[in-house]
Amino acid sequence: ETEEVKRSLMRFLGQISSPDGRIKDPVNLNWSMSTDPCNNHWTGVSCNLKSTSVKKIVLENLSLSGRFDANSLCSAETLSVLSLKFNSISGGVPEEIVKCKQLTHLYLGGNKLSGNLPLNLSGLNNLKRLDVSFNNFSGALPDLPRISGLKSFLAENNQLSGDIPEFDFTNLDNFNVSNNNFSGPVPDMRGRFGLSSIAGNPLLCGKPSPNACPLPPPPPPPSKSSSGFHKNALIYSGYALLGLVLLIVVVFTLLKKKKAKEAKKVETVKVESVVNGNRSPNNKSSPDNKSPNRESTGASSDKNGNSRSSVTSAETGMVSSSLTILSIPILKGLQLDELLRAPAELIGRGRHGSLYKVFLDGGKTLAVKRIKGWDIPVEEFEQRMRNLDRVRHPNMLPAIAFYGSKEEKLLVYEFQENGSLFNILHGTSNEGRRFDWGSRLSVAASVAEALAYMHVEFQEDGIAHGNLKSTNILFNSTMDPCIGEYGLMVVNNSLLSHNNNDNEPSNETSAHGPYLNFKVDLYAFGIVLLELLTGKLVHNNEPELARWVQKIVREEWTAKIFDNSLVVEGVSEDRLVSMLQVALKCINPCPEERPSIYQVALMINTIREEEERSIASEPSSNVSEQ
Ligand SMILES: Nc1ncnc2c1ncn2[C@@H]1O[C@H](COP(=O)(O)OP(=O)(O)OP(=O)(O)O)[C@@H](O)[C@H]1O
């Protein structure tokens, strides 16, 4: 963490430890300016995967008796979990809490906090769980239903008043506002919560409270003056007409804007260039310009003196070409020959082609995947790329440009410097050991959610990922996982069904329709889950790992399966086994019996929520190890 964040966190601890702001270090918390919160294990603090920024602060049951200095706390901008439960913190919750933008869990229950809950609490739009129970809060609630992802709200045993707002009760799994001073009708809780969640608010009425609500006052009698009525009718119809005209103008303007936007979005940049010896019609000044000497124009050295070639110099076979740019702000004006001649490093040669890291002028780096032998008509490929571009998900890595000819296809992505899930789990840098259970769960949940989204969007077209594996799950600049290369491969049918006893894929697969393409992704996702659970290596989705796991499970040595670092971390065996069961469902040898990815995403979320619930109830010393 930076010195500034460390200083602010020390100030936060000072304020919260005692009313006079002096750090008493109540139970030897090990926080100090001379150490680092992430690398020196400040008690109650856990960090992101790279140990560069603070993710959770859990200081529960420590007799902290000062004030909550949200301003200092929120200088740790990446903070997502804060638990200060069961202390004696007093004063209010300052408005600056809204600066902790990434907070997903805020647990303040069991303190002496008072005053109104700040109105801008509803600006914490990543919040999932909010617990302010057993304090002295008063006044009306802020507009919490605005937080669309809120899963639980606990505010029992305060002096809160006013109406209970209309939460999205179908989305809440925990809700309690009992023993407060709320008044007015109880909102429709969709049968999800009973009397115990609202009891102890004598001014509430309507079910499930025991008090009936008073009948609404009768509507005022219609006015007797008919001339008055006509006058009003005239005024109202005038308004209606004006409204209609306004509506037509607005719709017309919006339609015009939308058309202009669509036309702008998919701007195809056609570059008639000649690579490998074909003369460029644009390059009139050099009519004899045979292929530029690729080795000499394409080769360069990076600042470390490593030699780099270019995409064209490394391989041959490009003919007349056009590059379609999908993401204009990133690649505005880039031409194919520029891309091909830019210095490039060969990063990997997979089963389907090669991947280059390409260095553009101005410092941008791209990943260019060069696919060979994909037998798809060029028009169909182009159409597919455009269709894929229309569907966006935060955990999917979109292609930003493409090129297609009969012989080969080029896909251009932004280069992800943080590497892949494969690198993290099996890399040499020891990151795997620090890749804690919380991070693994979160990767599994995000990938499942993104796949579920894509499967629904492309159900009719039958376009599945087709080549999901840990090398295709990349980490973006904020270390969120992103799935690359969706829909690029003809589905690998050998993953449809595996015979458990030998290496031969079943030959029943050829007749399967597009529906089963998605089941291939399920198998592949199951293997990713097994990689996360076991920390073991998988090469090209080979079924050995699946067989090994199935064998051990049959022989009831389940505990031996799990990655030792998870065991050392003290992860709940129940949750590990639950996740293993999800993985085993995904790799069911019979494709029809594999669940849908949507069902899998739900199962993983349930495991994740159990984990989240346990975070706050675990003793803080354990949490700090996570
Ligand atoms: N956009 C990207 N940014 C950074 N690294 C990437 C990107 N795309 C892929 N990689 C990495 O480059 C390496 C090579 O990728 P490539 O797709 O060629 O390999 P593969 O997925 O193993 O093979 P294949 O897709 O042909 O089966 C992998 O380690 C992958 O994680």
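The model shown is predicted, which means the values in this text are computed figures rather than measured ones.

### A short note on the sheet that holds strand β4 (residues 90-91)
Consideration 1: Pairing within the open sheet is parallel, and its 6 strands lie in the order β4-β6-β8-β10-β12-β13. Every other strand in the sheet has two partners, leaving β4 and β13 (203-205) as the edge strands with one partner each.

### Comments concerning unusual backbone geometry
Most peptide bonds are trans, and most residues other than glycine sit at a negative phi.
Consideration 1: Here Lys207 and Pro208 are connected by a cis peptide whose omega angle stands at 0°.
Consideration 2: One non-glycine residue with positive phi stands out, namely Asn61, at about 55°.
Consideration 3: Considering the arrangement of structural elements, one finds Asn61 in the loop between β2 (54-58) and α2 (70-73).
Consideration 4: According to the C-beta neighbour criterion, Asn61 is partly exposed, with 14 such atoms within 10 Å.
Consideration 5: At Asn157, a residue that is not glycine, the phi angle is positive and equals roughly 60°.
Consideration 6: Considering the arrangement of structural elements, one finds Asn157 in the loop between β9 (152-154) and β10 (159-162).
Consideration 7: Looking at Asn157, the number of C-beta atoms within 10 Å reads 20, which means it is buried.

### Notes on the UniProt feature "binding site: ATP" (unreviewed entry) in the chain
Consideration 1: UniProt marks Lys369 with the feature "binding site: ATP" (unreviewed entry), using the numbering shown here.
Consideration 2: Positionally, Lys369 belongs in strand β19 (residues 365-372).
Consideration 3: Taking the number of C-beta atoms within 10 Å as the measure of exposure, Lys369 has 22 and is therefore buried.
Consideration 4: Not counting the four nearest positions on each side in its chain, Lys369 is found in contact with Gly353, Leu355, Leu411 and Glu485.

### Observations concerning the pairing of β2
Consideration 1: The buried fraction of β2 is high, at 5 of 5 residues.
Consideration 2: Judged from the 3 bridges that link them, strand β1 (residues 45-47) and β2 form a sheet pairing that is antiparallel. Among the inter-strand pairings, Cys47 is bridged to a residue of β2, identified as Val54.

### Brief notes about the site of the ligand
Consideration 1: Looking at the ligand, there are 18 residues lining it, with Gly348, Gly350, Leu355, Ala367 and Ser420 nearest.
Consideration 2: Elements with a minimum of two residues in the shell around the ligand: β17 (343-349), β18 (353-359) and β19.
Consideration 3: In terms of residue class, the shell around the ligand is made up of 6 nonpolar, 10 polar and 2 charged.

### Here we look at the sheet that holds β2
Consideration 1: The strand order across the open sheet formed by 7 strands is β1-β2-β3-β5-β7-β9-β11, and the pairing between neighbours is mixed. If you trace the sheet from one side to the other, it starts and ends with β1 and β11 (174-176), each paired once. Direction aside, neighbouring strands of the sheet carry axes that sit 15° apart on average.
Consideration 2: For strand β7 (residues 129-131) and β9, the ladder comprises 3 bridges, and the chain directions are parallel. Looking at the pairing, Asp131 lines up with Leu154 of β9.

Rules behind the numbers
Residues numbered from 1 in each chain as written. Predicted model: local features only at pLDDT ≥ 70, side-chain atom pairs only at ≥ 80, totals over all residues. Pairing = 2+ DSSP bridges. Helix = DSSP H or I, 4+ residues; strand = E, 2+ residues; numbered from the N terminus. Buried ≥ 20, exposed ≤ 12 C-beta atoms within 10 Å, placed from the backbone. UniProt positions renumbered as here; feature names shortened; annotations may be inferred. Contact = placed C-beta atoms within 7 Å. Near = placed C-beta within 6 Å. Nonpolar A, V, L, I, M, F, W, Y, C, P; charged D, E, K, R; others polar. Axes fitted to C-alpha atoms, helices over the stretch in contact; angles between N-to-C directions.

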